[in-house]
Each structure stands twice: as C-alpha cells, then as structure tokens.
Amino acid sequence: MPPNPDEIARFLDELCAYVHDLNQWGQVADYIPELASIDPAQFGIAVALPDGRILRSGQADVGFSIQSISKVFSLACVLGRIGEQVWNRVGREPSGDRFDSILLLEQEKGRPRNPFINAGALVVTDELLTGRTPAQALSEVMNFIRATAEDDDIHIDKAVALSEAETGHRNTALAHYLRSFGNLHNAPELTLGTYFHQCAIEMTCMQLARAGRFLAHLPGAPKMLSPAKVRRINALMMTCGHYDGSGNFAFRVGMPAKSGVGGGLLVIAPGKASIGIWSPGLDAWGNSQIGTLAAERLAEFTGWSVFG
Ligand code: GLN
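The rules behind these values
Residues numbered from 1 in each chain as written. Predicted model: local features only at pLDDT ≥ 70, side-chain atom pairs only at ≥ 80, totals over all residues. Heavy atoms only, no water. Helix = DSSP H or I, 4+ residues; strand = E, 2+ residues; numbered from the N terminus. Rg over C-alpha atoms; globule rule 2.2 N^0.38 Å. Buried < 20%, exposed > 50% of the residue type's maximum accessible area, 1.4 Å probe, protein only. Contact = heavy atoms within 4.5 Å. Areas by Shrake-Rupley, 256 points an atom, 1.4 Å probe, with all protein chains shown as cover. Lys, Arg positive; Asp, Glu negative; His and termini not counted. Charge placed at Lys NZ, Arg CZ, Asp CG, Glu CD. Pairing = 2+ DSSP bridges. Phe/Tyr/Trp six-rings, centres within 6.5 Å; stacked < 30°, edge-to-face > 60°. Core = buried A, V, L, I, M, F, W, Y, C linked by side-chain atoms within 4.5 Å. Polar contact = N/O pair within 3.5 Å; in protein donor to acceptor, adjacent residues only side chain to side chain. Axes fitted to C-alpha atoms, helices over the stretch in contact; angles between N-to-C directions. Left-handed = near helix turned anticlockwise from the far one by under 90°. Near = heavy atom within 4 Å. Nonpolar A, V, L, I, M, F, W, Y, C, P; charged D, E, K, R; others polar. Salt bridge = Lys/Arg side-chain N within 4 Å of Asp/Glu carboxyl O.

Asks: Explanation requested: the overall build of the protein in the structure shown.
Replies: Looking only at helices and strands, the protein has 13 helices and eight strands in total. Relative to the compact-globule value of 19 Å for 308 residues, the protein shows a C-alpha radius of gyration of 18 Å, a close match. Taking all 308 residues of the protein together, 56% fall into the buried category. Here the contacts in the protein between residues at least 6 apart in sequence split such that 70% fall between residues at least 24 apart. With the model as given, the accessible surface of the protein reaches about 12,200 Å², and the carbon-plus-sulfur share is 52%. Of the charged side chains in the protein, 26 are positive and 32 negative; the average position of the first set lies 8 Å away from that of the second.

Asks: What is the right way to read the sheet that holds strand β3 (residues 64-65) from this model?
Replies: Note: strands within a sheet are paired through backbone hydrogen bonds, in either parallel or antiparallel orientation. The antiparallel open sheet is built from three strands, whose spatial order is β3-β5-β4. Unpaired on one side and paired on the other, β3 and β4 (155-156) mark the two borders of the sheet. Bridge count for β3 against strand β5 (residues 201-203) is two bridges, and the pairing is antiparallel. Its bridge partner being in β5, Phe64 is matched across the sheet by Met203.

Asks: Quick question: what am I supposed to make of the packing of aromatic side chains here?
Replies: How two aromatic rings sit relative to each other is set out by the distance from centre to centre and by the angle between their planes. Inspection of every chain in the model, using the stated rule, returns eight aromatic pairs. Consider the rings of Phe64 and Trp278, whose centres lie 5.4 Å apart with planes at 5 degrees: the pair is stacked. With Phe64 in strand β3 and Trp278 in strand β8 (residues 273-278), the pair connects residues that are 214 residues apart, well separated along the chain. Taken individually, Phe64 and Trp278 each receive the classification buried, so the pair is uniform in this respect. Among the aromatic side chains, those forming a connected cluster through ring pairs are Tyr31, Phe99 and Tyr243.

Asks: Mind showing me how you'd approach the pairing of strand β7 (residues 264-269) here?
Replies: Residues in a regular strand point their side chains to alternate faces of the sheet. Of all six residues making up β7, six are buried, and the element is well covered by its neighbours. The antiparallel hairpin formed by strand β6 (residues 257-259) and β7 contains four residues in its connecting segment, where Gly263 sits at a positive phi of about 95 degrees. The turn joining β7 and β8, which pair antiparallel and follow one another in sequence, is formed by three residues; a positive phi near 80 degrees is taken by Gly271.

Asks: Would you mind showing me how to read the nonpolar core here?
Replies: Proteins that are soluble and globular tend to have nonpolar side chains buried together. Counting 60 residues, the largest nonpolar core has Phe73, Leu215 and Ile233 as its most contacted members. The contact partners of Ile233, leaving out residues within four places of it in the chain, are Val72, Leu75, Ala76, Leu79, Leu215 and Leu225. Membership of the second largest hydrophobic core comes to 29 residues, among which are Val47, Ala257, Ile277 and Trp304.

Asks: What is the right way to look at the side chain of Ser68 in this model?
Replies: When you line up the elements, Ser68 lands in the loop between β3 and α3 (70-82). By relative accessible area, which is 6% here, Ser68 ends up buried. In terms of polar contacts, Ser68 uses its side chain to reach the side chain of Tyr243, at 3.0 Å. Look past the residues within four positions of Ser68 in its chain and what remains in contact with it is Asn118, Tyr243, Lys258, Ser259 and Gly260.

Asks: Looking at this structure, I do not really get the packing of helix α1 (residues 5-22) against helix α13 (residues 289-302). What am I missing?
Replies: Between two packed helices, both the angle of their axes relative to each other and the distance between the axes serve to describe the pair. Where α1 meets α13, the closest approach of the two axes is 11 Å, and the angle between their N-to-C directions is 145 degrees. Where α1 crosses over α13, the two elements pack in a sense that is right-handed. In this structure, α1 contributes Glu7, Ile8, Phe11, Leu12, Leu15, Tyr18, Val19 and Leu22 to the contact, and α13 contributes Ile290, Leu293, Ala294, Arg297, Leu298, Phe301 and Thr302.

Asks: Explain the sheet that holds β7 here, please?
Replies: The strand order β2-β1-β8-β7-β6 describes an open sheet built from five strands, whose pairing is antiparallel. Each edge of the sheet is formed by a strand with only one pairing partner; in this case those strands are β2 (54-58) and β6. In this sheet, adjacent strand axes meet at a mean angle of 10 degrees when their direction is disregarded. Note that strand β1 (residues 44-48) and β2 share five bridges and pair antiparallel.

Asks: How do you make sense of the site of the ligand when you look at a structure like this?
Replies: Looking at the ligand, the residues that line it are Tyr31, Gln67, Ser68, Phe99, Asn118, Glu164, Asn171, Tyr195, Cys199, Tyr243, Gly260 and Val261. Within the side chain of Asn118, an N or O atom sits 3.0 Å from an oxygen atom of the ligand. Tyr195 places a side-chain nitrogen or oxygen 2.7 Å from an oxygen atom of the ligand. Burial of the ligand by the surrounding chains reaches 100%, relative to a free accessible area of 300 Å². Broken down by class, the residue content of the shell around the ligand amounts to six nonpolar, five polar and one charged.

Asks: What exactly am I supposed to notice about the pattern of salt bridges here?
Replies: Any two side chains of opposite charge can pair, on the condition that their charged atoms come close. Following the criterion strictly, the structure yields 15 salt bridges and no others. One salt bridge connects Arg56 with Asp61, and the closest N-O pair in it is separated by 2.4 Å. With a closest N to O distance of 3.1 Å, Arg98 and Asp100 form a salt bridge. Taking the relative accessible area as the measure of exposure, Arg98 reaches 40% and is therefore partly exposed. Within this structure, Asp6, Asp51 and Arg53 form a network of salt bridges that share partners.

Dropping the structure here:
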C-alpha cells in the first residue's frame, strides 16, 4: 500500500530533521556573488498532491533564486509559441558535460545539445525575445509562472540578476559564440540581460510545487500546455535536467526534475505530485546536494518513480 498523505507529511518532518542531523550541505554557488553569502544549512520541501493539498516541511516559505529551473518555464513558453520549430535551433540529447560548457558548441557548430544547458537556454531565451523587448519577454515568462502557480507574488530579484551580469563572462562567451554560428538572432547583450533576469526569479518551495502541477497533470492545475508538450518537457527534465549528473539523478530518484544553482529542485511524479525542494549547498555537478538526497528518500518512501 502506498503511504497516505498524513504518512507522507510525517515523513517530510522526519526527513527535515534527518538532513539537519546529517549536516552535509555541500558548497553554495560562489561564481554569482549574490548567491555566495547564503547559509548552506537550510532545507525546505513542499509536495503538491492530486487532492489539492500541499504538504510542507522546513523552510518551504523562504524565497530562493530559481536559476536554471526557470529554463523549464522559458521552454514551456517557447513550445507554446512556436512548437516543434524550436528543435531547429537546439537539440534534445543529454550533454554529458558541464552546464556551462563551451566545448560542445564548437563540436556541434553552434546548435546546443539541449535546452537546459546554458547555451541551449540562451537560444530558447533568444527565441522568446524575438519580436519583443526584454521587458516583454520577461513578462511572458513571469505571467506563465504566476498563472501556473496561481500566485502573483512572484518577482525577479534584481540584485541577483545584476550580480550575475557583472560576473557572467562564460555566459557572455557562449552568447557571442552562438552569434558567430548565426544561432543567436538578437544582440547578445539583450539576450544575456533577459536570461540573467529570468534566472534571478525568486520563488519558495510552496510556489515551485504549485507551479509544477501542470507538468504532473494534477487535477485542478491550470492547463498551460497540451499533454503532448508536457510529456516532452518531462522527458527532457529526466534526460537533461541535471546536466552531467542527469544519469545519476535518474538512477537515484527515477523522476523528471530540474535543478538550479540556487539549490532549488522541481521534481515531477506524473499523476502523483509536484515537488519543490530547496537546499542551497551544491554537489560537484552544481545540483543541490541535500535536495537530491531528499528527493531520493522521498521516492523510496512513496514508491513514486516513472520506472514502475
Ligand atoms: N544563471 C546560472 C548560469 O547561467 C544558471 C545555472 C544553473 O542554475 N545551473 O550560470
């Protein structure tokens, strides 16, 4: 018998106590100065269920920088807008490389491997920007997130965006490199500015869990995209959502998920739950160390897995 919501709620509190006892938080991202000063010893989790309940434990109401989790929402916007055409500009294979790798782009002549590595996300943001100003493109992503979370109190942390813009030399290099291959249609500084702001969206675990309900096909979730497009986003989250740690995450957790260097994690248990997790300390791949462990333990406890 799978556990009932009350049992899951108790488990989340035990999990929260467990990770604090464990005290192995990982390292916060220090290449974005604004994130470098965050205390890694923090943990929150929220689990949205089909009956509309959201179970929570720890710091589930603390806002954090969603960073690369935003790539799921920008891709959703672009898929909604131009559909399959997006695959003319970006691939859908796992990269097996760091999220900010430049190497692959050279080898593959400017067509990024997938939309979740930085080069691929820059292309998606560039597509979003086409025919719009950066403010309009950002509004489109923000409106999407606010609609799917059914919460208007979601904003961009400008200090984080600025901080990344000042030190984002790798992303700047990637954008110019894409442009040299003709796969960036807007001025690199405009695409980069939009991308840094999109990454600087601040959300709580509660908001993230609600925002992910459409990906889990939970009853009552706002209908954002067709079921076929949702399936594809989940497939990409499973295969590419954790960069070169994606295979390991699939092995340990068995569910589609997307990480961000702010320590957030959106995990989708199709038909069962949408899960927001946050713990800012990262592992060697740049994914939340304790967030991954928490997702693994929750999957073990509930039996939630797309692999049966
Ligand atoms: N804004 C970050 C970057 O571009 C996002 C990376 C991430 O969350 N993995 O480096």
